[in-house]
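# Results of the structural survey
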Amino acid sequence: MSEFNPTILAFCCNWCSYAGADLAGVSRLQMPPNVHVIRVMCSAAVKPEYAFKALSEGIDGVLVLGCHIGDCHYLTGNHRTKKRFPVAQRILRDVGIDERRLRLDWVSAAEGEKFQQVITEFVSDIKKIGPNPLKEVKL
Amino acid sequence: MNDLGKALAKIAFEERGADFLLAARDESGNVAPVLVSKGEDVGDVRIDVPYQLVMVLTKLYPWLEKGKVAIVTRRCDEKALNELTKRGIFDAKRIIKVGLACSKEQVAKCRCSDPVPSRVDFGEPQKAAQDELSDRLLKMTAEDRMKFWIRQFRKCNKCFGCTTNCPVCFCDHSCVLEERELVAEKSIPPGVVFHLVRSFHLADKCIECGECERSCPADIPLLTLRKMVNADMKELYKYSAGDEKAVSPLLTTLEGEKLEDDADVC
């Protein structure tokens, strides 16, 4: 059997995490190629609905990356994100979807290495959890 | 007018000085909402059926330009009024609550954890009940739980009954569940995403009235899902919807932040 290669979406905020991803790329840091990066203006612009939609369509993991708390370009954006996503994770758990498939983390523009580390960790976590069961389910 | 109607009219108009009264009454064997002004015959009032009067009030409120409205409220209605008042849909001064304590059978049906209104005018206060299904589900493995919910959600025929009849779903033309990017146009059943999104949107305002479950033609235990999410909210933020003191609706604002003008849109 071929090895399970997860498909992962990473929402990166324009001001920190996307620049962090850029830095990781420029620094030639090695990381798994399973991640599709989507640039958003702020981590608060990522509605939990998007994560739900992605997971219910069979994406194996959703990563939301924003600026560190206190560093938000829009002052309070990531505070909102921090408030919403735990609820989204709990809802996933209640319905029986592994809440580890949705992760919220903070990566600043200077943290290319942290970006690499977060991606590597998340991909290996998702590999351990296995493929998203909703991929097979036809509702 | 039956005795109940007389008693209700007396409390609303004479004792509490209301100008209008909103109640549910008997209409040839069925239950229907009725709004009467002072002096009018309210008819054969019924309180045995949990009719969503708050939802009716939300629709009628813009037409009532002045005067106070008395409304028959169970504990859940009371909480719904609080939630809507927080979001600026009602003016608290214009609403008079006539408290109704649910019967034992009703409490058992709703698995209600908070059945007694702050002021009881009708009915006997009953003890709270437990929701066994949510306890059972949380004891299952995640895999079994998912199987259970998939089996339930598969029955959904996207009638939007749960949304239309929900007292705290107040967005008229901009419901997120009608966004085609999230729920595809010709999708029946609509998929897990429909129920996940609805759970999230109700997380900070669901008052556990159970109307979604009652109106669901497919008998999906939606109230259990709501109760599970509400328990999570309590665990995470010590927040329970319908609380008068918690002024900022939780997921749309930060602590102590004022509501913006568009607070009445989800």
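### Things to note about the overall build of chain B
Across its full length, chain B holds 10 helices and four strands. Listing the helices and strands of chain B from first to last along the sequence gives α-β-β-α-β-α-β-α-α-α-α-α-α-α. Here the C-alpha atoms of chain B give a radius of gyration of 19 Å, agreeing with the 18 Å that 2.2 N^0.38 yields for 266 residues. Structurally, chain B occupies a C-alpha span of about 60 × 40 × 40 Å along its principal axes.

### Let's talk about the pairing of strand E4 (residues 95-99) of chain B
Counting buried residues along E4 of chain B, four of its five residues qualify, which places the element largely inside the surrounding structure. Handedness of the crossover is the feature at issue here: the chain leaves strand E3 (residues 69-73) of chain B, passes through helix H3 (residues 75-86) of chain B, returns alongside E4 of chain B, and the resulting connection is right-handed.

### Describing the packing of helix H1 (residues 17-26) of chain A against helix H4 (residues 112-129) of chain A
All names here are of chain A. Two elements in contact, H1 and H4, have axes whose closest approach is 7 Å; the angle formed by their N-to-C orientations is 95°. It follows that H1 is roughly perpendicular to H4 by the angle criterion. Note on element contacts: H4 touches H1 through Gly-112, Lys-114, Phe-115 and Gln-116, opposite Gly-20, Ala-21, Leu-23 and Ala-24. Tallied by class, the residues present in the contact of H1 with H4 amount to four nonpolar, three polar and one charged.

### A look at the domain arrangement of chain B
Residues and elements named next belong to chain B. Segmenting chain B into domains produces domain 1 (3-110) and domain 2 (132-264). Taken residue by residue, the interface counts 15 residues in domain 1 and 18 residues in domain 2. Taken together, the elements giving at least two residues each to the side of domain 1 that touches domain 2 come down to helix H2 (53-60) and H3. Here the residues of the side of domain 1 that touches domain 2 sort into seven nonpolar, four polar and four charged.

### As for the sheet that holds E3 of chain B
Sheet strands associate in pairs through backbone hydrogen bonding, adopting either a parallel or an antiparallel arrangement. All names here are of chain B. Strand order in this open sheet of four strands is E2-E1-E3-E4, and the pairing throughout is mixed. Each of the sheet's edge strands pairs with one partner strand only, and the pair in question is strand E2 (30-37) and E4. In this sheet, adjacent strand axes meet at a mean angle of 35° when their direction is disregarded. Where E3 lies against E4, five bridges are found, and the strand directions are parallel. Residue pairing in the sheet places Thr-73 in a bridge with Gly-99 of E4.

### Quick look at helix H3 (residues 77-95) of chain A
Its 19 residues give H3 of chain A an end-to-end C-alpha distance of 28 Å, which sits within 8% of 27 Å, the value for a rise of 1.5 Å per residue. Once H3 of chain A finishes, Gly-96 of chain A follows within two positions and takes phi at roughly 100°, a positive value.

### Observations regarding the interface of chain A and chain B
How big an interface is tends to be stated in terms of the accessible area lost upon association of its parts. Of the residues lining the interface, 24 residues belong to chain A; the matching set on chain B comes to 27 residues. Put simply, the parts of the chain that give the side of chain A that touches chain B at least two residues each are helix H2 (48-56) and H3 of chain A. If you tally residues by element for the side of chain A that touches chain B, the top one is H3 of chain A, at 11 residues. For the side of chain A that touches chain B, the per-class residue count stands at 12 nonpolar, four polar and eight charged.

### Brief notes about the environment of Leu-65 of chain A
Residue and element names in this part refer to chain A. Within the secondary structure, Leu-65 is located in strand E3 (residues 61-66). C-alpha of Leu-65 to C-alpha of Ser-17: the two residues are 48 residues apart in sequence and 6.0 Å apart in space. In this view, Leu-65 contacts Ala-10, Phe-11, Cys-12, Cys-13, Ser-17, Ser-43, Asp-105 and Val-107; residues no more than four positions away in its chain are not counted.

### Comments concerning unusual backbone geometry
Residues and elements named next belong to chain B. Unlike most non-glycine residues, Glu-208 shows phi in positive territory, near 55°. With respect to the helices, strands and loops of the structure, Glu-208 is situated in the loop between helix H8 (192-202) and helix H9 (211-215). A tally of 25 C-beta atoms within 10 Å means that Glu-208 is categorised as buried. Notably, Asp-219 is not glycine yet its phi reads approximately 55°, a positive angle. Note that Asp-219 resides in the loop between H9 and helix H10 (222-237).

### Details of the nonpolar core
Ala-12, Leu-21, Ala-23, Val-69, Ala-70 and Ile-71 of chain B are the most contacted members of the largest nonpolar core, which totals 114 residues. There are two domains that each give this core at least three residues, and those are domain 1 (3-110) and domain 2 (132-264) of chain B.

### Side note on the sheet that holds strand E4 (residues 102-106) of chain A
Residues and elements named next belong to chain A. The strand order across the open sheet built from four strands is E2-E1-E3-E4, with neighbouring strands paired in parallel fashion. In this open sheet, the two strands that pair with only one neighbour each are strand E2 (35-40) and E4. When the angles between neighbouring strand axes are averaged without regard to direction, this sheet yields 20°. Strand direction decides the pairing type here: strand E1 (residues 8-13) and E2, joined by six bridges, are parallel.

### What about the packing of H2 of chain A against H8 of chain B?
Relative to each other, H2 of chain A and H8 of chain B sit at 155°, their axes nearing to 9 Å. Considering their axes alone, H2 of chain A and H8 of chain B lie roughly antiparallel with respect to each other. Like other packed secondary-structure pairs, H2 of chain A and H8 of chain B cross with a definite hand, here right-handed. Of the residues in H8 of chain B, those in contact with Pro-48, Glu-49, Phe-52, Lys-53 and Ser-56 of chain A of H2 of chain A are Val-192, Val-193, Leu-196, Val-197 and Phe-200 of chain B. Residues belonging to the contact of H2 of chain A with H8 of chain B are distributed by class as follows: seven nonpolar, one polar and two charged.

Calculation criteria
Residues numbered from 1 in each chain as written. Chains lettered and ligands numbered in written order. Predicted model: local features only at pLDDT ≥ 70, side-chain atom pairs only at ≥ 80, totals over all residues. Helix = DSSP H or I, 4+ residues; strand = E, 2+ residues; numbered from the N terminus. Rg over C-alpha atoms; globule rule 2.2 N^0.38 Å. Buried ≥ 20, exposed ≤ 12 C-beta atoms within 10 Å, placed from the backbone. Right-handed = clockwise from strand over helix to strand, strands pointing away. Axes fitted to C-alpha atoms, helices over the stretch in contact; angles between N-to-C directions. Parallel < 35°, antiparallel > 145°, perpendicular 65-115°, else oblique. Contact = placed C-beta atoms within 7 Å. Nonpolar A, V, L, I, M, F, W, Y, C, P; charged D, E, K, R; others polar. Domains from an automatic or database assignment. Pairing = 2+ DSSP bridges. Expected span 1.5 Å × (residues − 1). Core = buried A, V, L, I, M, F, W, Y, C linked by C-beta atoms within 7 Å. Left-handed = near helix turned anticlockwise from the far one by under 90°.

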